Amino acid sequence: MWYSVYGSLGTAESGRECIDNSGFVDKIHTNLDRFEGENVERRIAYSPVDGLTQRANASGHGGSDFYTMYNFVSKIIGEKDAEIIDVYEALDMFLPGLLAYRSVLNGGIPMAVPDFRDPAQREPYRNDRACTSPAAAGNQLLPSYSKGNPSVPKEVYEKARRAFEESLG
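Engineer: It is not clear to me how a nonpolar patch on the surface should be interpreted in this structure. Could you clarify?
Structural biologist: The grouping of M69, F72, V73, I76 and I77 at the surface amounts to a nonpolar patch, some 530 Å² of accessible area in total. With respect to the helices and strands, I77 occurs in the loop between helix 2 (64-76) and helix 3 (87-105).

Engineer: Explain the layout of surface pockets to me, please; I cannot follow it from the model alone.
Structural biologist: Rolled over the atoms, a probe as big as a water molecule pinpoints where empty space is left. Size it by volume and the largest pocket reaches roughly 1000 Å³. If you go around the largest pocket, you meet 30 residues; those closest to its centre are I28, P48, G62, S64 and Y67. Among the elements of the structure, strand 1 (4-7), strand 2 (10-14), helix 1 (53-58) and helix 2 are those that each provide at least two residues to the lining of the largest pocket. Of the residues belonging to the lining of the largest pocket, the class tally is 13 nonpolar, 10 polar and seven charged.

Engineer: I tried to follow the pairing of strand 1 on my own but got confused; where do I start?
Structural biologist: Every other side chain in a regular strand lies on the same face of the sheet, so the side chains alternate between the two faces. Of the pairings in the sheet, the one linking strand 1 to strand 2 comprises four bridges and is antiparallel in character. Opposite G7, over in strand 2, you have G10 as the bridge partner. Between strand 1 and the antiparallel strand that follows it, strand 2, lie two residues.

Engineer: Sorry if this is basic, but what is going on with the confidence of the model for the protein here?
Structural biologist: Caution applies to low-pLDDT regions: their predicted coordinates should not be interpreted in detail. Looking at the protein as a whole, the pLDDT averages 85, with 89% of positions reaching at least 70. The element-level mean pLDDT for the protein is lowest in strand 4 (residues 43-46), coming to 68, with helix 4 (residues 119-122) highest at 97.

Engineer: Explain helix 2 to me, please; I cannot follow it from the model alone.
Structural biologist: Between its terminal C-alpha atoms helix 2 stretches 19 Å, which fits the 18 Å expected from 13 residues at 1.5 Å a residue. Within helix 2 the residues assigned to the buried category are S64, F66, N71 and S74. The arc enclosing the buried residues of helix 2, seen along the axis, measures out at 160°, which places them on a common side. Among the exposed residues of helix 2, those oriented more than 90 degrees off its buried face are T68 and I76. Packed against the buried residues of helix 2 are helix 1. Residue G78 follows helix 2 closely and has a positive phi angle near 105°.

What counts and what doesn't
Residues numbered from 1 in each chain as written. Predicted model: local features only at pLDDT ≥ 70, side-chain atom pairs only at ≥ 80, totals over all residues. Heavy atoms only, no water. Patch = residues over 30% accessible without salt bridge, like charges linked within 9 Å, V, L, I, M, F, W, Y side chains within 5 Å. Areas by Shrake-Rupley, 256 points an atom, 1.4 Å probe, with all protein chains shown as cover. Salt bridge = Lys/Arg side-chain N within 4 Å of Asp/Glu carboxyl O. Helix = DSSP H or I, 4+ residues; strand = E, 2+ residues; numbered from the N terminus. 1 Å grid on protein atoms, 1.4 Å probe; cavity = no way out; pocket = protein on both sides within 12 Å on 5 of 7 lines; lining within 4 Å. Points joined across faces, edges and corners; volume = space filled by probe spheres on them. Nonpolar A, V, L, I, M, F, W, Y, C, P; charged D, E, K, R; others polar. Pairing = 2+ DSSP bridges. pLDDT = per-residue confidence, 0-100. Expected span 1.5 Å × (residues − 1). Buried < 20%, exposed > 50% of the residue type's maximum accessible area, 1.4 Å probe, protein only. Arc of directions from axis to C-beta. Contact = heavy atoms within 4.5 Å.

What follows is the structure, given as structure tokens:
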């Protein structure tokens, strides 16, 4: 797992799995500017720790699976202060990426990100099924790659399967 957030005032990234042996995978790395465009390197790394960290670390995936399930279960059993992301917060995070891809497919045109809390902004998307899944999209199917769906010869998949099976011993 790897998370990355880029904004006009800096970046924040989790460590990447490929550097796990260096001890950085459990830290959050930031590079922050005081104002937009400053571009002064100000790096900070820290390891977030709370009362559940030990249990979370024992669950694998850097604890991400644990916290997701812990907070989900906490909410459904009635804990009012459970840390959750409601559907609108999830859409706030999801829609910019989806609309960025649609922009790419349409020559880079600007696209407004709607606020689905507002029924008037939500309504135009009511029957929008455009996605890369043929089963879900129907006649609104989008290509899985911005330059079209590449044709991958069957031999490529067979070669990858053989290499994987050989790696198992």
